[in-house]
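# Analysis of the macromolecular model
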Amino acid sequence: MNIEPVIILTNICNHKCIFCSRKDKEPIQSDEEKKIIVKNYTDTISFEGGEPTLSRDLIKWVRIAKKNRIREIMLVTNGFSLDREDVVRALLDAGVNVFNINFPSHIERIYNLLTDSCDYTKTVNSIKNIIKIVGGNRLRITMVLNKLNYVSLKDYFKFIKTNFGDIFYTEINMIKVKGRVKNRLYLVPRLSEINKFLIAGLNEAKKLDLKVISDGIPLCFMSGFEELNIDVFNLLYLKNRWNKEKQKKSVCNNCGLKKICSGPRKDYVKLYGSSELKPVKDEYQLESIIERMNFKYEKKMDK
Ligand code: SF4
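In short, a report on the structure. (Residues numbered from 1 in each chain as written. Predicted model: local features only at pLDDT ≥ 70, side-chain atom pairs only at ≥ 80, totals over all residues.)

### Details of the pairing of strand S3 (residues 72-77)
Pairing geometry for strand S2 (residues 44-48) and S3, over four bridges, is parallel. Directly across from isoleucine 45, in S3, lies its bridge partner isoleucine 73. Considered for its hand, the β-α-β crossover made up of S2, helix H2 (residues 58-67) and S3 is right-handed. Sheet topology note: the S3/strand S4 (residues 98-102) ladder contains four bridges and is parallel. From the neighbouring strand, threonine 77 faces S4, where its bridge partner is isoleucine 101. Where the polypeptide runs from S3 across helix H3 (residues 85-94) and back to S4, its parallel neighbour, the crossover connection is right-handed. (Pairing = 2+ DSSP bridges. Helix = DSSP H or I, 4+ residues; strand = E, 2+ residues; numbered from the N terminus. Right-handed = clockwise from strand over helix to strand, strands pointing away.)

### Quick notes on the nonpolar core
Of all hydrophobic cores here, the largest spans 73 residues; its most connected members are Ile45, Val62 and Leu145. In this structure leucine 145 touches Tyr150, Ile172, Asn173, Met174, Ile175 and Ile194, once residues within four positions along its chain are discounted. (Core = buried A, V, L, I, M, F, W, Y, C linked by C-beta atoms within 7 Å. Buried ≥ 20, exposed ≤ 12 C-beta atoms within 10 Å, placed from the backbone. Contact = placed C-beta atoms within 7 Å.)

### Re the site of the ligand
Around the ligand, 15 residues are found, and the nearest of them are Pro218, Cys220, Cys252, Cys255 and Cys261. Residue classes in the shell around the ligand are distributed as 12 nonpolar, one polar and two charged. (Near = placed C-beta within 6 Å. Nonpolar A, V, L, I, M, F, W, Y, C, P; charged D, E, K, R; others polar.)

### Section: the packing of helix H6 (residues 153-164) against helix H7 (residues 191-207)
Two elements in contact, H6 and H7, have axes separated by 7 Å at closest approach and are oriented at 20°. The pairing of H6 with H7 is recorded here as roughly parallel in orientation. The interaxial crossing formed by H6 with H7 has right-handed handedness. Together, Leu153, Lys154, Tyr156, Phe157 and Lys158 of H6 and Phe197, Leu198, Ala200, Gly201, Glu204 and Ala205 of H7 make up the contact between the two elements. (Axes fitted to C-alpha atoms, helices over the stretch in contact; angles between N-to-C directions. Parallel < 35°, antiparallel > 145°, perpendicular 65-115°, else oblique. Left-handed = near helix turned anticlockwise from the far one by under 90°.)

In structure tokens form, the structure reads like this:
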């Protein structure tokens, strides 16, 4: 099906994240469109926005998704009102089984700057509340990597482990040059600039035994951690080649990882070009990534 498994209930948001990739007046779907999504996906559906907890219809549509036996019903939220026990319990009872919280920085000043809010403490409390009620294994934290937070990635993981413990996983996404970011290009770091901080952060996460996935960072900038890139999983196991936001460039033709890499984001290349891409010459690297990937999923299946 050529539509994403995403239900947009509202385009209103209580935060004004300066790195938001949505348009201010993003169209929301009609009930007909929502019904088509709920009927056609059985694995995962996410409720997004705007801030979906601001929609009066959230509980209703989550219930419909649950009734349609969708395995994973994810709420993508900034944590608004989730510091209240009754709100989390109501969502849980309706059928939400994964909470995905936007947490762009563990540093209060940077968090508030990035979200254009004063909600740092509230969001930390929401995360702790979800863990208390639902458990860390139903919590996913998302950080959109940008010019103001990439340097502190190592400390970000330390903060997560110390304050939240073991969670389902942390998702590190490359900022998209879309929505509000189009007017704030200063927020977009170069891949070559984030590389050493990213690897240091991923080493720290490994040391702390934190699960991480990433999106939008080509494999030539994830040396030693390539299996964490969500597209590797999709290309290897789901054979899913539908990826309209990324594209390999001509330099990728000489790369040993081209079969499992989607290439850089198109919007990134439009801004900075593709001269930073570094084709991987080592022919054994592909094998070793596949081995690590298989090991990771065998381990998961054993649990
Ligand atoms: S050179 Fe291209 S195919 Fe190879 S890892 Fe980089 S982006 Fe991916």
